[in-house]
Structure formats: C-alpha cells, structure tokens
Amino acid sequence: MEKEKNRETILDIRHVSIYFTRYERGIRRRKLPVIRDLDLRVHPGEVVAVVGASGSGKSLLAHGILGILPYNSRMEGEMFYRGEPLTKERAEKLRGRQIALIPQGVTYLDPLMKVGEQLCRGRKDEETVRRCREVLDRYGLGPETEGLYPFELSGGMARRVLIASAVMDKPDLIIADEPTPGLDVGAARRILGHFRELARGGAGVLFITHDLGLALTIADRVAVFYAGETIEEALAADFEDPERLRHPFTKALFRAMPVHGFAPIQGSQPYPGTVSSGCPFAGQCQACQEACVSTEHIPVRQIRGGLVRCLYPEEGNV
Amino acid sequence: MKHRLQFAAKKILRMALLLLGVSVVTFLLMSASPLDPLQTNVGQVALGTMSQEQVEHLEAYWGVDTPPLERYAGWLTDLLHGDMGTSLLYRQPVTTVIWQRLSSSLLLLLTAWILSGVLGLLMGMAAGACRGRWPDKLIRGWCLLISSTPAFWLAILLLLVFSVWLGWLPVGLSVPVGMESGMVSVADRLQHAILPALTLSITGVANMALHTREKMIDVLESDYVLFAKARGESMKSVVWRHGLRGVALPAITLQAGSVSEIIGGSVLVEQVFSYPGLGQAAVTAGLGSDLPLLMSITLITSAMVFGGNLAADLLYGVVDPKIRRRAAK
C-alpha cells in the first residue's frame, strides 16, 4: 500500500535538513542549519508552490534536490524520486533529463555562449538541433534566437529561453526557482501559464517564490517556508478564507497581501542558525506561549487536510 | 569590419607615437651619459698618442659639437630610411646585427612564449577545477616556488643538471662548437635552444597559471555553471565548454603582457647559456658602450612588446562576442 502510494508521487522529501559548515574564530567548526526537517510531496500534474521570504533557504532546497549543493554544505534526511531513493549519483543521472531546473534569470546563461549552443549542451546531432528549435518555437522564440548571445536577449526572452531549456527533454519534475522577478504581472502570468500547461502534460512542478499572491494564481498546494522550516502545507483553496489557514505566520502572511489589508508582520525572520530549539516564529507570533519556546522540536500535525508545525494552531487566529 | 580597421589604425598610430617617445627618452639618456664618442670609437690609448690637430679632426668627424637635437633628427631621418647606423662592437650595420640576433632569439622567445602560455593555462584550469584537492595544492605550490625563483638561477640549475651531470644537452651557444656554419643542422639548433627555452617557459608559467586558477574558480562558482550542472552537464563538459571560454579573455591579456617578461627574462637567460640572441646583444651593447646598437635594440624590443598588446586587442574582437557583435553593426 505504502509502495503503491509512493509510485504516484514524483518527489517525496522526508525530514530533509541542509547544513552549512562554517569556520568560526579560526578552527572552530560550526554546523549552520539552513533547512530543517523539511517535508514535501509533489504529485504528477500538480503545481506545488514553496513560499518563503528571501533567506529562508528556498533556493538551497532546489539545489539539494538536484544534488548541486555547494561543497561546504551537507544534506540529511531522505528524498525519493518516483519511489526510489534520490541519491547524489541518481540525481546526477536524472538532472537535466527527468528533473529540470528553471533558474531566476539571465545570469544563469553563459555570457560567452550562443543560446542554441547552450540549449544543445554541446551536442550537434540533427535530433538535438531539431528539438532545440522546436522548443524555442513553442515559447514564441524564432530560430534566430539560437544565434544570439545572452546579452542580446531581453529579460522576458531570457526567461523564456530558460524555460525552453528546462523542458527540452520533457522532464517529469520541474523546479522553478523564482522564475518571475522583475517581470510585470502580465508577463509573469504568461510564464506561470506555461507551468500550468506543463503540469497538465503530467509533470510535477515545484514553484519556488517569495510572492504568495503569485503562487496562489497557479498552485494547487502551497508550502509555507519560514526560517528553513515548512510551517504549513495548505491547499491553495484554503487561502480563500483565513479561518481555514492553520499557522499564525500563514495567517499573518495572508493579511500582509495587498488585497487583504496590507498589514505588515512585526519583526523579522530569524537568521539561519540563531534558533536552535522551539518555534522559529515565536519572536513574531502574537499567540506565542511558553511551551512554544521551551519545546525542543515542534512536530508537524495534520489538520483539515493540511499540515502545520504549530503547538496551538487553533489559537493562532487573533 | 570598418570599425575593426579604424581600431587597428588607431592602435598602430599610437604604437608609432610610443616608439617615437621611447626613442627620444633613450636618446636623451644616452646623450646624458658620460660616454665620449672619441674614446669609445677610437679607444683611450690611441687617443693619447694623437696630436691636438688629429683629435680636433676626429671630433669634427664624429660630430662632437653638433647639438643633440640635430643629432637626434639626423638619427631619426636615417632610421626612417632603414639605416640604424653601424655597430661599434660588431663593426657591421646595426640592422644586420639585429637581424642575425633576432632570428636566433625568435625561436627561443616564441617557443617559450607559446609553451608558457599553453602550459600555464592548462595548469590554471586544472588547479581551478580541482580546487582544494591535491592537484590544486601541487600546482599552486609549484607556481609559488617558481615565481620566487630568479630566472638566471633556474637557468644555472638546469644547466647543471641536464648539461653537466646528465650530459644530455649542450652547455651553451646556439650551434656546436667548431662546426662549419654550413654543416649545422636544424636538429643542432633545436638541441641548443631547448634549455634556454625551457627556462623561459618554466618561469613564465606561474603568473598565467595562478591568474587562470582564480578566474576558473570564479567561473565554476558562477550561476551559469550551476545551471549547466543542473542541466546534467558533466564536470568535463563544464570545464571545457564554459571554463575555457571564461578564462580565455583574461588569459589573452596576460599572454600579451608576458611578452615583455619573456624578453626581459631572455636577457638573463641568454647570458647564462651564452646564447647569441638579442638579449645577449643588449647586454654586450650596454657594457661595451655600443650606443647605436643599444638604441635600436631598445626600439625593437619595445615594438615587440607593443605588438604583443596590439595582437591581444585585435584578438579580443574575435573572442569576445560583445565586441564582435558591436563591431559587426
């Protein structure tokens, strides 16, 4: 039964933590947790948004899945891709083929290489060249785009090139890491439309963003990231009514949206490594209680079809 | 294309101006030197035995009282007509001496220049790609060791090992001793050039390797390499496709700049190996007060250094797509 369920999920992340090793005052080594005890699942045909502020470890999550974390970092926990463990070796084989990344912007293209050459990854056979042309055409880019250098692309074109590069091999899992900053709402919606389309084609899309409003326009499920932890996983539909949300931070985030009152959240997210125990949101939470700080590890609970990492989820509503 | 030609023309004009400046400064320095034209040309002893009349006659012949400006103008006019004067020490036209010396030096300089550039680039790329691991440590250590070693000392060391102890290679000169010039084969010349060229290459490698390593690390930490990896490109592909592109431009600049270092190094190295090249001629001319030769060697070497930089500027236009695309418009 468990196995059966696993086969359906494309990506299954269980209790994953990512640490940085840092040297302090000469030789004292320190493990700096950037992502702690993360759980996340992506199913075929589904767009899952990971929403969190800058510095909450979102990009590292993408790099962790692809096995391209920086050399001074370490990952713990388990990841499964289509039911099989996603080891570093397996990620190496799958990335670029079954798992694709859509990065943030034009700096992710080699400034000294033509677009076509980058898309084809050095292969020059007819099949690759044809597919490259096809995929560019799909995003409204003519064959002349192949001969352009990244500095000759406009911002929107560059982003379409990046999407094209990701879907060239028809991946099953697409990780989009902040693919829309700097774009106007219309252009951003168009880009997101492409993601929905990819999901309709059976792929799972993991959409990483800091923009909750944008995430809600496309996502089926939203995982809220706070200081390196997923504090809530909710259906996009839950955001229609704040009463249905579970975590105080999610509620605050909801109220901070321009359409819902633009109420700012007091204080700021703790810096990675500064919170070692208790709820990371404790400092900003208006319903914070003693147990929130003293409990070492706050477990994830299931409430109303969603997940929440909070001791008093019902009282979060002020 | 028009843009490129304009660019090249401008650069060549600048080169002419620079050479003019170099010649003026060299000329001024030489006329300020305490060298007496009579003494250097006739010799102290011969001068002492001459009568006052003869001395005056010679002074008039050598133009001792001609003002420097006029002398310079005369020298420049002759130069533009292809006449660099007569070498005092070799008793031959300077052009002949320089041509002979340059042709034997050129083999040395070019091999050392290309070898040090290519080796330095490859070592730098390897070190950058293996950052922190043993190949990196080895290459870095080697480069630091080499760059803190004087070229002449290294030359002596190589001479000691390969010529004296092992006896594989000749001790000096550019051709075998006592052989008729017609009998000297290309292989003989090459054999004599190996050690000096090797010395120059080894000392030239460090700079290129260390700079390339830094640039390689920058490239490997860049967003676009991260993305290339995310798209499944192997480390090999990343290093050769993205790394080489990224390090090529700075490498060209360094390589152009290293022309002066190689020429400077050749002065010492040729001295150690008694290799009859331009560098050795410069030392001989300097020590022997051979002003016409020294003046011309100064000019020729500055022209070579400037030529190296000009080549780099022109190559930029071919290698850097930003410049190339702008030029095409």
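Residues numbered from 1 in each chain as written. Chains lettered and ligands numbered in written order. Predicted model: local features only at pLDDT ≥ 70, side-chain atom pairs only at ≥ 80, totals over all residues.

**Regarding the overall build of chain B**
Part 1 of the reasoning: Within chain B, the secondary structure is distributed over 14 helices and zero strands.
Part 2 of the reasoning: Each helix and strand of chain B, placed in order from N terminus to C terminus, yields the pattern α-α-α-α-α-α-α-α-α-α-α-α-α-α.
Part 3 of the reasoning: Across its three principal axes, chain B shows a C-alpha extent of roughly 90 × 60 × 35 Å.
Part 4 of the reasoning: For chain B, restricting intrachain contacts to residue pairs at least 6 apart in sequence, the fraction spanning at least 24 positions comes to 75%. (Helix = DSSP H or I, 4+ residues; strand = E, 2+ residues; numbered from the N terminus. Contact = placed C-beta atoms within 7 Å.)

**A word on the interface of chain A and chain B**
Part 1 of the reasoning: Every contact between the two is made by 19 residues of chain A and, on the other side, 17 residues of chain B.
Part 2 of the reasoning: Partitioned by chemical class, the residues of the side of chain A that touches chain B number 10 nonpolar, four polar and five charged. (Nonpolar A, V, L, I, M, F, W, Y, C, P; charged D, E, K, R; others polar.)

**Considering the pairing of strand β8 (residues 204-209) of chain A**
All names here are of chain A.
Part 1 of the reasoning: By the criterion of burial, β8 is predominantly enclosed, with six of the six residues buried.
Part 2 of the reasoning: Here β8 shows no split at all, with G204, L206 and I208 on one side and V205, F207 and T209 on the other all buried.
Part 3 of the reasoning: In terms of strand pairing, strand β3 (residues 47-51) meets β8 through five bridges, oriented parallel. When the bridges of β8 are listed, V50 appears paired with I208. (Buried ≥ 20, exposed ≤ 12 C-beta atoms within 10 Å, placed from the backbone. Pairing = 2+ DSSP bridges.)

**Some points on the pairing of strand β10 (residues 229-235) of chain A**
Residue and element names in this part refer to chain A.
Part 1 of the reasoning: Burial within β10 is extensive, with six of its seven residues counted as buried.
Part 2 of the reasoning: In terms of strand pairing, strand β9 (residues 221-226) meets β10 through six bridges, oriented antiparallel. Bridge pairing links R221 to L235 in β10.
Part 3 of the reasoning: What sits between β9 and β10 in their antiparallel hairpin is a turn of two residues, with A227 showing a positive phi close to 45 degrees.

**Some thoughts on unusual backbone geometry**
Part 1 of the reasoning: Notably, R82 of chain A is not glycine yet its phi reads approximately 50 degrees, a positive angle.
Part 2 of the reasoning: Within the secondary structure layout, R82 of chain A lies in the loop between β4 (73-81) and β5 (84-85).
Part 3 of the reasoning: Its identity is not glycine, yet S274 of chain B carries a phi of approximately 45 degrees, on the positive side.
Part 4 of the reasoning: Relative to the helices and strands, S274 of chain B resides in the loop between α11 (235-272) and α12 (278-287).

**Regarding the packing of helix α6 (residues 94-129) of chain B against helix α9 (residues 186-220) of chain B**
Part 1 of the reasoning: As a packed pair, α6 of chain B and α9 of chain B sit with axes 5 Å apart at the nearest point and diverge in direction by 35 degrees. Where α6 of chain B crosses over α9 of chain B, the two elements pack in a sense that is right-handed. (Axes fitted to C-alpha atoms, helices over the stretch in contact; angles between N-to-C directions. Left-handed = near helix turned anticlockwise from the far one by under 90°.)

**Notes on the packing of α11 of chain B against α12 of chain B**
All names here are of chain B.
Part 1 of the reasoning: Axis separation between α11 and α12 bottoms out at 7 Å; the angle between their running directions is 85 degrees. Here α11 lies roughly perpendicular to α12, going by the angle between them. Residues S266, V267, E270 and Q271 of α11 lie in contact with α12, whose contacting residues are G279, Q280, A282 and V283.
Part 2 of the reasoning: Counted by class, the contact of α11 with α12 contains three nonpolar, four polar and one charged residues. (Parallel < 35°, antiparallel > 145°, perpendicular 65-115°, else oblique.)

**Describing the sheet that holds β9 of chain A**
Sheet strands line up and pair through hydrogen bonds in the backbone, either parallel or antiparallel.
All names here are of chain A.
Part 1 of the reasoning: Read from one edge to the other, the open sheet built from eight strands follows the order β6-β7-β8-β3-β9-β10-β12-β11, with strand pairing classed as mixed. The sheet is open, and its two edges are formed by β6 (99-102) and β11 (301-303), each paired on a single side. Ignoring strand direction, the axes of neighbouring strands in this sheet form an average angle of 20 degrees.
Part 2 of the reasoning: Across the sheet, helix α6 (residues 155-167) touches β6 and β7 (173-177), and the angle it forms with β6 is around 175 degrees.

**Details of the environment of H57 of chain B**
Residue and element names in this part refer to chain B.
Part 1 of the reasoning: On the secondary structure map, H57 appears in helix α4 (residues 52-62).
Part 2 of the reasoning: Its 11 C-beta neighbours within 10 Å are what place H57 among the exposed residues.
Part 3 of the reasoning: For the pair H57 and S260, spaced 203 residues apart in sequence, the C-alpha to C-alpha distance is 43 Å.

**Re the environment of E84 of chain A**
All names here are of chain A.
Part 1 of the reasoning: By the element assignment, E84 lies in strand β5.
Part 2 of the reasoning: Assessed through the 11 C-beta atoms surrounding it within 10 Å, E84 is described here as exposed.
Part 3 of the reasoning: Taking the C-alpha atoms as reference, E84 lies 32 Å from C279; in sequence the two are 195 residues apart.

Worth remembering: the numbers are spatial, not functional.
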